Amino acid sequence: MDVKNLETYAIIGFDGSAIRGLKVHPDGNHIIYPMGNKVCIQHWTSKQMWFLSGHTNSVSAVGVSSGGRYIGSGQINHVGFKAPAKLWDFKKKTLLGSHELHKVRVEALMFTSDERYMISLGGRDDGCVVIWDCAASAATGTASAARLTTGDAVTLTALSCRPNSFVTGGDSNLRVWNIRAQSKMLDVVDVALGKLRRSVLCIAVSGDDSYGIAGTTTGDMVKFSIKYPSDPGADVADCKPALIGCLAKCGPWRKGKRPEAQCYSQGVEAILIMSDGCLIVGAGDGTVEILDEINWKGEFPKGRLLDPTMPYFKALRSAKLPGRITSLELMESPGQRGAARKLLAATRTSEIYALSIDTLAPVLCVTCHRCAINDIAFPRGMSGVFATAGSGDVRVWCLETCLELLRISVPNFTCSSVLFSGDGKSIVSAWNDGTIRAFTPLTGRLMYAIFNTHNKGTSALAMNSSGTTLISGGCEGQVRVWDIKPEKQTLKKVLKEHKSPVSAIQVSPNDCEAVSAGTDGSCIIWDLMSLSRRQVMYASTLFMCVCFEPQGCQLLTGGTDRRVAYWEAGSGNLARELEASKVGAVNGLDISSDGQLFVTGCNDQIVKVWRYQEGIYTHMGLGHAGAVTCAKFSPDRRFVVSACAAGSIIVWRTPEIYLQSDKGSQPSSAKQTQDQEGQGGQKKPQSLEDELRLPLSDKPDQEKKKAAGDRQHRVPAAPSKVEKIEAMDTTRSSVHSCCPCDTVRSAGPAAGAARSPPAPKTQPGNNKATDKTNNLPTKTTSKEFVSSGGGDRK
């Protein structure tokens, strides 16, 4: 039987840890960013995605040529191994060439302005610059990126006018390179910094190549002159790059006193130089500001302490984003100018914000987990939302729009398992600190916490349909049964059978039994009435997942032996074994509500849909950038949600051949955006939020019918004080925080409406910096000058 591909409904993923990993294609319609061991190309409007596969580990660097023809990528590898750098064709999405001349890591990658060379920079274990000829598909030169007396180079950027020159920077080094046109040899000149010592994080070069600005770890900026001729054949022996000054933002200005220089906290991570000379700066504390030069006249008076940093810039607009800024990119479609430009900011928390240049008002357009996702859970009988568990937080997503509805943060801890209670009134989660925490599904408020449930952390959870009995598994091998009541939670029994961590627990459909799978090679069925062992099954594997068949007669297990095993629940006998993967372990397993299908996720990054009776897989999904850690069917069987170790989530459509009985009942958006037309018949301009809305559900041929497996919504006669998952609003909300105290709720028509979390902060006063430097004239706003010694304007 031919194996078909699963149809992708939506992909949620972005790797924000890659420095300058977010790139905007020159056509203004596509963005390129890493996602695990793949490079993702996404159309900004339609959200269609393409993946460039070929790396064996996480992608650490991404580059796009100035004309948009090529894409370059480099990866991280294990210590002692080579790290490849690859060249891709953007239009064909194919591999053109690659080299393995770096050790362990490719730190940065870029193209020359004429698209002839791809230049890659190795990490601290390598420390070399490699020049790759794109046309000849061969390396033309390599050299050490820094002197032995300085630190490692960490960043590089190309000159705009001179196609064979580029700049590198790092710890106490800032160098300008030139590729000889004939011999293709590398000439390098160090920028004369004198006694100034700075560690460079990012570099930006002006459009005419006259000067460059480097951001440093100390929060100030180093401005240096280049003045290389645009002719690649011209001699640059007489061109000596030199330091212009060490500059920073101006603090409070007082007459008669030297103005103070304000440096950015946690360093300057990204810099953009605009066409009018203004700077866009992204800092390590999440600050994004537009800076302009102040028209100083005269020299600054000398202070008691020698300060090399000069107050040189004034902040015109400012915004504060949650998380460290790793990338800043300007997006401007061809033929659009001014207000049509958007600034894209990527953070280390794996989020992408779109900011308007005029106001710097941020809009969150991409968010995902930054580490591996350990579990996925659906509410009982409801397919509209699902929850994911990862490092530091639990998130609730809308399945239809694939937007984040709720985020429950518990910093510095990892959530290993999550589930919804049977009545939908709570989200119960297990954490590696040995605590079980329950939260409300709408606001994320902490309802109760059971401390010290397991000595080495809680690894698995299960709950009966009534929500009165909770079963937990720990890393020490114990299974504990808890009696759950609103006023108290008590321990009923400790079951000591497993010798290794418990990897999965599930309750049978009749709530009389529970099965636990352990990494000691045993799978035990427990009687929840007598709280004793009923049956045990052994295999030469480390069990990773277990699942009851809907009738409760059989159960499936998966483990490190790469096999899926059928077991008889009554006798504990092995009925069948299937080879689910040829490479790695089976990490995720789930059976559909009707028992006809089951899905597996393995270390080979493939999601497979199987027929339960025949034991064959008919469809497979390729797209994950890491080992698949979990996979779940939605209760209405129309979607499969899978997650991987790279932090990405993929929603797959269940094959149509298995949904013939429910044909035509696919969910459609309850609220569709209608085009507003003016009197002249033209569409009114959309806001930034409408432009960034994911058009996943805007299908013209879909009917607005409710899925057969979904829970019927009931409107109460009077507002209820009890939060229920069925009353959840599936419109977009922002980030929520976990707090044991009561949260502030906004007054609305529905009781228990989702709390509005704090949005990214912007400075008051139309997003302009409101300090005592506002009245200082700048280069782009005034022709006046102000005395640097504290005098009046002139």
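Residues numbered from 1 in each chain as written. Predicted model: local features only at pLDDT ≥ 70, side-chain atom pairs only at ≥ 80, totals over all residues. Heavy atoms only, no water.

Another point: the overall build of the chain. In terms of regular secondary structure, the chain is built from 2 helices and 60 strands. With 794 residues in all, the chain has 56% of them scored as buried. Taking as baseline every contact in the chain between residues at least 6 positions apart, the subset at least 24 positions apart corresponds to 50%. In the form shown here, the chain has an accessible surface area of approximately 33,800 Å², with 49% of it arising from carbon and sulfur atoms. (Helix = DSSP H or I, 4+ residues; strand = E, 2+ residues; numbered from the N terminus. Buried < 20%, exposed > 50% of the residue type's maximum accessible area, 1.4 Å probe, protein only. Contact = heavy atoms within 4.5 Å. Areas by Shrake-Rupley, 256 points an atom, 1.4 Å probe, with all protein chains shown as cover.)

A separate point is the nonpolar core. Counting 47 residues, the largest nonpolar core has Ile31, Tyr33, Leu344, Phe386 and Val641 as its most contacted members. Leaving out residues up to four positions away in the same chain, Leu344 has contacts with Leu22, Val24, Ile31, Trp44, Ser327, Leu328, Glu329, Met331, Tyr353 and Ala354. The next biggest cluster of nonpolar side chains, apart from the first, holds 19 residues, and it includes Leu272, Cys278, Ala345 and Leu364. (Core = buried A, V, L, I, M, F, W, Y, C linked by side-chain atoms within 4.5 Å.)

For the structure shown, the criterion picks out 20 salt bridges. Where Asp190 meets Arg147, a salt bridge forms, and the shortest distance between an N and an O atom there is 2.9 Å. Placement of Asp190 in strand E18 (residues 186-190) and of Arg147 in the loop between strand E14 (138-144) and strand E15 (153-158) is noted, with a sequence separation of 43 residues between them. On the basis of relative accessible area, Asp190 is assigned to the partly exposed category, the value being 26%. Residue class for Arg147 comes out partly exposed when judged on its relative accessible area of 48%. Here Asp187 makes a salt bridge to Arg180, at a shortest N to O gap of 2.9 Å. By relative accessible area, Asp187 is classed as partly exposed at 26%. By relative accessible area, Arg180 is classed as partly exposed at 40%. It is possible to trace a salt-bridge network through shared partners that takes in Glu351, Asp393, Arg395, Glu404 and Arg407. (Salt bridge = Lys/Arg side-chain N within 4 Å of Asp/Glu carboxyl O.)

A few words on the side chain of His454. Checked against the element boundaries, His454 lands in the loop between strand E39 (446-450) and strand E40 (458-463). Of the residues examined, His454 reaches a relative accessible area of 3% and is grouped as buried. A distance of 2.7 Å separates the side chain of His454 from the side chain of Glu476, its partner in a polar contact. Apart from residues lying up to four places away in sequence, His454 is in contact with Gly434, Ser472, Gly473, Gly474, Glu476, Gln478 and Arg480. (Polar contact = N/O pair within 3.5 Å; in protein donor to acceptor, adjacent residues only side chain to side chain.)

We now examine the sheet that holds strand E8 (residues 70-75). Consider a sheet: its strands pair through backbone hydrogen bonds, and that pairing is either parallel or antiparallel. Judged by pairing direction, the sheet is antiparallel, and its 4 strands sit side by side in the order E7-E8-E9-E10 without closing on themselves. Whereas interior strands pair on both sides, the edge strands pair on one side only; in this sheet they are strand E7 (59-64) and strand E10 (94-103). Pairwise comparison of adjacent strand axes, ignoring direction, gives a mean angle of 20 degrees for this sheet. Where E7 meets E8, 5 bridges bridge the pair, whose relative direction is antiparallel. Among the inter-strand pairings, Gly63 is bridged to a residue of E8, identified as Gly72. (Pairing = 2+ DSSP bridges. Axes fitted to C-alpha atoms, helices over the stretch in contact; angles between N-to-C directions.)

Before going further, it helps to examine the side chain of Thr157. Examined against the element boundaries, Thr157 turns out to sit in strand E15. Thr157 gets classed as buried once you look at its relative accessible area, which sits at 17%. Beyond its immediate sequence surroundings of up to four residues, Thr157 is in contact with Met110, Phe166, Val167, Ile203 and Val205.

Moving on: the packing of aromatic side chains. For the structure shown, the criterion picks out 11 aromatic pairs. Here Tyr312 and Phe313 contribute two aromatic rings whose centre-to-centre distance is 5.2 Å and whose plane-to-plane angle is 85 degrees, an arrangement assigned as edge-to-face. One exposure class covers both Tyr312 and Phe313, and it is buried. Note on Phe378 and Phe386: the rings are 5.7 Å apart at their centroids and 40 degrees apart in plane angle, and the pair reads as tilted. Here Phe378 and Phe386 have matching classes, each one buried. Counting every residue linked through ring pairs, the aromatic cluster contains Tyr566, Phe598, Trp610, Tyr612 and Tyr617. When the ring centre of Phe90 is taken as origin, the NZ or CZ atom of Lys93, which lies over that ring, is 4.8 Å away. A cation over an aromatic ring shows up here: Lys608 above the ring of Tyr617, its NZ or CZ 4.4 Å from the ring centre. (Phe/Tyr/Trp six-rings, centres within 6.5 Å; stacked < 30°, edge-to-face > 60°. Lys NZ or Arg CZ within 6 Å of the ring centre and 35° of its normal.)

Within strand E5 (residues 38-43), 5 of the 6 residues are buried, which leaves it mostly tucked inside the rest of the structure. One ladder, built from 6 bridges, connects strand E4 (residues 30-35) with E5; its direction is antiparallel. Following the sheet pairing, Ile32 is matched in E5 by Ile41. Linking E4 to E5, which pair antiparallel, is a turn of 2 residues; within it Gly36 sits at a positive phi near 70 degrees. Taken together, the 5 bridges between E5 and strand E6 (residues 49-53) define a ladder with antiparallel strand orientation. Looking across to E6, one finds that Gln42 is bridged to Met49. Between E5 and E6, which pair antiparallel and follow one another directly, the connecting turn spans 5 residues, one of which, Lys47, has a positive phi of 65 degrees.

Here the focus is unusual backbone geometry. Within the chain, Lys47 stands out as a residue other than glycine whose phi angle is a positive 65 degrees. Note that Lys47 resides in the loop between E5 and E6. On the basis of relative accessibility, which here comes to 12%, the residue Lys47 falls in the buried class.

Turning to the sheet that holds strand E11 (residues 106-111), a few remarks are in order. Read from one edge to the other, the open sheet built from 4 strands follows the order E11-E12-E13-E14, with strand pairing classed as antiparallel. Of all the strands in the sheet, the pair left with one neighbour each is E11 and E14. Strand-to-strand, the axes of this sheet are offset by a mean angle of 20 degrees, without reference to chain direction.

The next point concerns the environment of Ser144. Mapping Ser144 onto the fold places it in strand E14. Under the relative-accessibility criterion, Ser144 is labelled partly exposed at 42%. Beyond its immediate stretch of four places on either side in the chain, Ser144 contacts Gly127, Cys128, Arg175 and Trp177. Here Ala146 takes part through its backbone oxygen, which lies 3.0 Å from a polar atom of the side chain of Ser144.

This part is about the pairing of strand E22 (residues 242-250). With 5 bridges connecting them, strand E21 (residues 221-225) and E22 associate as antiparallel partners. By the bridge assignment, Ser225 is partnered in E22 with Ala242. With 4 bridges connecting them, E22 and strand E28 (residues 309-320) associate as parallel partners. By the bridge assignment, Lys249 is partnered in E28 with Phe313. In terms of strand pairing, E22 meets strand E23 (residues 261-262) through 2 bridges, oriented antiparallel. Looking at the pairing, Cys250 lines up with Ala261 of E23.

Another aspect to go through is the environment of Met544. Following the sequence through the fold, Met544 ends up in strand E48 (residues 543-548). On the basis of relative accessible area, Met544 is assigned to the partly exposed category, the value being 29%. Sequence spacing of Met544 and Thr629 is 85 residues, and the spatial spacing of their C-alpha atoms is 9.7 Å. Apart from the residues lying within four places of it in its own chain, the contact partners of Met544 are Ser503, Ala504, Gly558, Gly559, Thr560, Val586 and Asn587.

In this model, the chain carries a mean pLDDT of 84, and residues with pLDDT of at least 70 account for 82%. Contacts of residues 699-721 to residues separated by more than four positions or lying in other chains number 41 contacts, the stretch itself having pLDDT below 50. (pLDDT = per-residue confidence, 0-100.)

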